[in-house]
Amino acid sequence: DAGITQSPRHKVTETGTPVTLRCHQTENHRYMYWYRQDPGHGLRLIHYSYGVKDTDKGEVSDGYSVSRSKTEDFLLTLESATSSQTSVYFCAIRGGEGLPGFFGPGTRLTVL
Amino acid sequence: SQQGEEDPQALSIQEGENATMNCSYKTSINNLQWYRQNSGRGLVHLILIRSNEREKHSGRLRVTLDTSKKSSSLLITASRAADTASYFCATDATGTYKYIFGTGTRLKVLA
């Protein structure tokens, strides 16, 4: 595996509570991504980062925020979780454009 | 949405047959990559094709790219039961750092 971990791996929370997911890499890769995966939708890009403190929105960013204060960590925060955010969340890292992406094992989030 | 689409959504074939899946995307790209995802796992990179390439091979995999039609295809020859998985295409859109995936094709290879 490419030295990428996600925590927690599973989480159950209640509507309205804040949730933070962590992606940690040991590869010193520049690019980091957060996706959600839902049946029928494949992987949808939530936010991405192209450097420390450099982040941008993806296709489904509403209700999510991110932070990257150091190269190795990319945090995804759900400010006030809703049931529609129940999903499997994947983090990915890349060394650069045109290079393969490496995926974390995923976090299964259930919002009740 | 910039998300690409793949077809078919699901494909079921017999072991030894070839499997072909297609990916269409919406924007100008620098390259396109294919990934495999086994059930409940993260994605694994298979092959990359650059925008100035038309065909690429890797073992039993053959990828084609038609930038004029904004489409790509992945051919798996002599399929095996172990090829059962979901397959996704991903694109680097020109001028952005976004990395966009398609909706995926679920392949089932029957022994």
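Residues numbered from 1 in each chain as written. Chains lettered and ligands numbered in written order. Predicted model: local features only at pLDDT ≥ 70, side-chain atom pairs only at ≥ 80, totals over all residues. Heavy atoms only, no water.

A short note on the sheet that holds strand S1 (residues 4-7) of chain A
Residues and elements named next belong to chain A. The line we're drawing: Two strands qualify as a pair provided that DSSP identifies no fewer than 2 bridges between them. Numbering of helices and strands runs from the N terminus; a helix is a DSSP stretch of H or I covering at least four residues, while a strand is a stretch of E covering at least two. Note on geometry: axes are C-alpha line fits, over the in-contact stretch for helices, and angles between N-to-C directions span 0 to 180 degrees.
Reading across from one edge, S1-S3-S8-S7 is the order of the four strands in this open sheet, with antiparallel pairing throughout. A single partner strand is all that each edge strand has here, and the edge strands are S1 and strand S7 (64-70). Neighbour-to-neighbour, the strand axes of the sheet open up by a mean angle of 20 degrees, direction not taken into account.

Points about the pairing of strand S5 (residues 43-50) of chain B
Residue and element names in this part refer to chain B. Both strand S4 (residues 29-37) and S5 contribute to a ladder of seven bridges, which runs antiparallel. The partner of Leu 32 across the bridge, within S5, is Ile 49. What sits between the antiparallel neighbours S4 and S5 is a turn of five residues, in which Gly 40 has the positive phi angle 75 degrees.

Re the nonpolar core
Applicable threshold: Among the buried residues, those of types Ala, Val, Leu, Ile, Met, Phe, Trp, Tyr and Cys that are joined through side-chain atoms within 4.5 Å form a nonpolar core. For every residue, the accessible area obtained with a 1.4 Å probe (protein chains only) is divided by the maximum for its type, and the residue is called buried under 20%, exposed over 50%, and partly exposed between those limits. The contact rule is simple, with two residues in contact once any of their heavy atoms fall within 4.5 Å.
Counting 22 residues, the largest nonpolar core has Met 21, Leu 32, Trp 34, Leu 74, Ile 76, Tyr 87 and Leu 107 of chain B as its most contacted members. Residue assignment for this core shows that the elements contributing at least two residues are strand S2 (10-14), strand S3 (19-24), S4, S5, strand S7 (61-66), strand S8 (71-76), strand S9 (85-93) and strand S11 (105-110) of chain B. If we ignore the near neighbours within four places in the chain, the residues touching Tyr 87 of chain B are Glu 6, Met 21, Tyr 35, Arg 36, Leu 46, Leu 74, Ile 76, Gly 104, Thr 105 and Leu 107 of chain B. Grouped together as the second largest cluster of nonpolar side chains are 18 residues, Trp 34, Ala 81, Ile 93 and Leu 109 of chain A included.

Details of the state of the cysteines
Test applied: Pairs of cysteine sulfur atoms within 2.5 Å are identified as disulfides in what follows.
One pass over the structure, following the stated rule, counts two disulfides over all chains. Two residues, Cys 23 of chain A and Cys 91 of chain A, share a disulfide whose sulfurs are 1.9 Å apart. An S-S torsion of about -75 degrees defines the bridge between Cys 23 of chain A and Cys 91 of chain A as left-handed. You can see Cys 23 of chain A sitting in strand S3 (residues 19-25) and its partner Cys 91 of chain A sitting in strand S9 (residues 87-94), a full 68 residues away along the chain. In this structure Cys 23 of chain A comes out as buried when scored by relative accessible area, which is 0%. Here Cys 91 of chain A falls in the buried class, since its relative accessible area comes to 0%. Disulfide pairing is shown between Cys 23 of chain B and Cys 89 of chain B; the S-S distance is 2.0 Å. Across the S-S bond of Cys 23 of chain B and Cys 89 of chain B the torsion is about 70 degrees, and the bridge reads as right-handed. You can see Cys 23 of chain B sitting in strand S3 and its partner Cys 89 of chain B sitting in strand S9, a full 66 residues away along the chain. Take Cys 23 of chain B and Cys 89 of chain B: they sit in the same class, and that class is buried.

Some thoughts on the sheet that holds S3 of chain B
All names here are of chain B. The sheet built from five strands is open, its strands ordered S1-S3-S8-S7-S6 with antiparallel pairing. Either end of the sheet is taken by a strand with one partner, and the two such strands are strand S1 (5-7) and strand S6 (55-58). Direction aside, neighbouring strands of the sheet carry axes that sit 15 degrees apart on average. Relative to S7, S6 runs antiparallel, the two being bridged by four bridges. Across the sheet, the residue bridging to Ser 58 is Leu 61, located in S7.

Some points on the packing of aromatic side chains
Aromatic ring pairs are described here by two measures, namely the spacing of the ring centres and the angle between the planes. Which entries qualify depends on this criterion: Any Phe, Tyr or Trp ring, taking Trp's six-membered ring, that has another such ring centre within 6.5 Å forms a pair; planes under 30 degrees apart are called stacked, those over 60 apart edge-to-face, and the others tilted. A ring has a charge above it when a Lys NZ or an Arg CZ is no more than 6 Å from the ring centre and no more than 35 degrees off the ring normal.
Within the structure shown, the criterion is met by 15 aromatic pairs over all chains. Plain terms: the ring middles of Tyr 35 of chain B and Tyr 99 of chain B are 6.3 Å apart, the flat faces sit at 75 degrees to each other, and that makes the pair edge-to-face. In this pair, Tyr 35 of chain B sits in strand S4 while Tyr 99 of chain B sits in strand S10 (residues 99-101), placing the two residues 64 residues apart along the sequence. Following the ring pairs from residue to residue traces out a cluster consisting of Tyr 31, Tyr 33, Tyr 35, Tyr 48, Tyr 50, Phe 90 and Phe 103 of chain A together with Tyr 35, Tyr 97, Tyr 99 and Phe 101 of chain B. The cationic tip of Arg 94 of chain A hangs over the ring face of Tyr 99 of chain B; the distance from NZ or CZ to the ring centre is 3.7 Å.

Notes on the side chain of Asp 92 of chain B
To be explicit about the condition: Here a polar contact is taken to be a pair of N or O atoms separated by no more than 3.5 Å, where protein atoms must pair a possible hydrogen donor with a possible acceptor and residues adjacent in sequence count only if both atoms sit in side chains.
Position of Asp 92 of chain B among the secondary structure elements: in strand S9. The exposure class of Asp 92 of chain B is buried, given its relative accessible area of 2%. At 2.6 Å, the side chain of Asp 92 of chain B forms a polar contact with the side chain of Arg 94 of chain A. Engagement of the side chain of Asp 92 of chain B in a polar contact is seen with the side chain of Asn 31 of chain B, the distance being 3.1 Å. If near-sequence neighbours (up to four positions away) are discounted, Asp 92 of chain B is found in contact with Arg 94, Glu 97 and Gly 98 of chain A together with Ser 28, Ile 29, Asn 30, Asn 31, Gln 33, Lys 98 and Tyr 99 of chain B.

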